[in-house]
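Now for the letters of each chain:
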Amino acid sequence: MFYIAPSILAADISRLGEEVAKVENAGVSYLHIDIMDGNFVPNISFGPSVVSTLRPLSKLLFDVHLMITSPWKHIDTFINAGADSITVHYEAFNGDEEMLLDVLRSIRERKCGVGLAISPKTSYECILPYLSLVDMVLVMTVEPGFGGQSLIPATIDKVAPLRRAALSAGLNLRIEVDGGINEDTIWRASAAGADVFVAGSAIFRTQRPKAVVSTLKTKVKEHPFIG
Ligand code: DX5
Ligand code: ZN
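Scope of this entry: the structure provided in the associated data block.

Rules used throughout
Within each chain, residues carry numbers counting from 1 in the order of the written sequence. The lettering of chains begins at A and the numbering of ligands begins at 1, in the order of writing. Confidence filtering applies because this is a predicted model: local features only for residues at pLDDT of at least 70, side-chain atom pairs given and counted only at 80 or more, and all residues used for totals across whole chains, interfaces and linings. The side-chain figures draw on all heavy atoms in the structure; neither hydrogens nor water molecules are used. A helix here means a DSSP run of H or I that spans at least four residues, while a strand means a run of E at least two residues long, and both kinds are numbered starting from the N terminus. The donor set covers N, O and S atoms within 2.8 Å of the metal, switching to 3.2 Å for Na, K and Ca, and it leaves out water, so a site may look short of donors. Exposed residues in this analysis have more than 50% of their type's maximum accessible area, buried residues have under 20%, and partly exposed residues fall in between, with area computed by a 1.4 Å probe over protein chains only. Pairing between two strands is assigned when DSSP locates at least 2 bridges connecting them. We call a crossover right-handed when, viewed with the strands running away from us, the connection from the first strand over the helix to the second turns clockwise. Think of it this way: one heavy atom of a residue within 4 Å of a molecule or strand is enough to make that residue near it. Polar contact is defined as a pair of N or O atoms within 3.5 Å, subject to the rule that within protein one atom must be able to donate a hydrogen and the other to accept it, and that residues adjacent in sequence are counted only when both atoms are side-chain atoms. To be clear on the numbers: accessible area is Shrake-Rupley with a 1.4 Å probe, and residue cover counts the displayed protein chains and nothing else. For Phe, Tyr and Trp, where Trp contributes only its six-membered ring, two rings pair if their centres lie within 6.5 Å, and the inter-plane angle classes them as stacked under 30 degrees, edge-to-face over 60, or tilted in between. Axis definition: a line fit to C-alpha positions, over the contact stretch in the case of helices; interaxial angles, taken between N-to-C directions, run 0 to 180 degrees. Only residues whose relative accessible area exceeds 30% and that form no salt bridge are eligible for patches; like-charged ones are grouped when within 9 Å, while nonpolar side chains (Val, Leu, Ile, Met, Phe, Trp, Tyr) are grouped when within 5 Å. Any Lys or Arg side-chain nitrogen found within 4 Å of a carboxyl oxygen on Asp or Glu counts as a salt bridge. Residues counted as positive are Lys and Arg, residues counted as negative are Asp and Glu, and His and the chain ends are not counted. In this description, the location of a charge corresponds to atom NZ of lysine, CZ of arginine, CG of aspartate or CD of glutamate.

### Focus: unusual backbone geometry
The backbone phi angle of Ser70 is positive, close to 50°, even though this residue is not glycine. Positionally, Ser70 belongs in the loop between β3 (61–67) and α3 (75–81). A positive phi angle, near 45°, is found at Asn94, a position not held by glycine. Structurally, Asn94 can be placed in the loop between β4 (85–89) and α4 (97–109).

### As for the coordination of the zinc ion (ligand 2)
Octahedral six-donor coordination of a metal ideally yields angles of 90 or 180 degrees, compared with 109.5 degrees for tetrahedral four-donor coordination. Taken together, His32 (NE2), Asp34 (OD), His65 (ND1) and Asp178 (OD) make up the full set of protein donors to the zinc ion (ligand 2), lying 2.0 to 2.3 Å away. On the accessibility criterion, His32 (0% relative accessible area) is buried. With a relative accessible area of 8%, Asp178 lands in the buried category.

### What to know about the pairing of β4
Of all five residues in β4, five are buried; the element is thus mostly enclosed. Residues of β4 alternate between two faces, with Ser85, Thr87 and His89 on one and Ile86 and Val88 on the opposite face, all of them buried. Two strands pair when backbone bridges link them, and β3 and β4 are joined in this way by three bridges, in the parallel orientation. Looking at β4, one finds that Asp63 is bridged to Ser85. On the question of chirality, the crossover connecting β3 to the parallel β4 by way of α3 is right-handed. Bridging between β4 and strand β5 (residues 113–118) involves five bridges; their strand directions are parallel. Counterpart to Ile86 in the pairing with β5 is Val114.

### Considerations on the site of ligand 1
Surrounding ligand 1, one finds 20 residues, the nearest of these being Asp34, Gly145, Asp178, Gly200 and Ser201. In the model, an oxygen atom of ligand 1 is placed 2.7 Å from a nitrogen or oxygen of the Gly200 main chain. Here ligand 1 loses 98% of its free accessible area of 380 Å² to cover by the protein chains. Residue assignment for the shell around ligand 1 shows that the elements contributing at least two residues are β2 (30–36), β3 and β8 (196–199).

### Quick look at the packing of aromatic side chains
As enumerated under the stated definition, the model contains three aromatic pairs in all. Note on Trp72 and Phe93: the rings are 5.4 Å apart at their centroids and 45° apart in plane angle, and the pair reads as tilted. Of this pair, Trp72 sits in the loop between β3 and α3 while Phe93 sits in the loop between β4 and α4; the two residues are 21 residues apart in sequence, bridging distant segments of the chain. The class of Trp72 is partly exposed, set by a relative accessible area of 33%. Using a relative accessible area of 4% as the deciding quantity, one classes Phe93 as buried.

### What about the sheet that holds β5?
Taken in spatial order, the eight strands line up as β1-β8-β7-β6-β5-β4-β3-β2 in an open sheet, and their pairing is parallel. In this open sheet, the two edge strands, each paired with only one partner strand, are β1 (3–6) and β2. Strand-to-strand twist across the sheet, computed as the mean angle between neighbouring axes with direction ignored, equals 25°. Where strand β7 (residues 174–178) meets β8, three bridges bridge the pair, whose relative direction is parallel.

### Looking at a negative patch on the surface
Together, Asp96, Glu97, Glu98, Asp102 and Glu109 make up a region of like negative charge exposed at the surface. Residue placement: Glu97 occurs in helix α4.

Shown next, in the form of structure tokens:
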């Protein structure tokens, strides 16, 4: 199983409900919601009210990516707003392992999916100790903060070791890639072992989202993990 996750950061915000319906009809099962606070990253995007407003309009899995400082202060709010999965950034904990463990456990206790993200400059080894505590890791393939950037090729090198570590530990781990994923780049992430593919501009900035989603799926199927 693999999943395409359109990022609403690239949607037409003036008609967000219709935009979400459009991608739901294009055959995806995730909706990636980027939360940026202007502090952890330079950009500001959405707050919890966007999640709660969209919740009754969509059956998609709401994949909430928190690019915020002190994420522990906002977990409950986003779960109550309707998040199905919450991903926090490893870097947001500044090495406070206790706090990180606490946050991962508390998300899981609330029966919400748990994700742990790493930015391009963070090594994959940093998150190896936490793999059994999460449902998903997110390998950022661009610097977090803005949509529409080009994928940084070296970030893909982190995916296969994470997939191998998960396999050897018998973990059913999802590996998400986020940033610069499109019809030309998705195969690299797929061959490396990713199975959740965020795509913002590629899906929302086209007149033919159905065709793009279909091509993205075909490319993934054509390039399975090769070990
Ligand atoms: C970047 C965000 C991404 C972004 C992806 O900080 O986390 O989810 O929206 O956008 P594209 O697919 O346009 O690179
Ligand atoms: Zn994201």
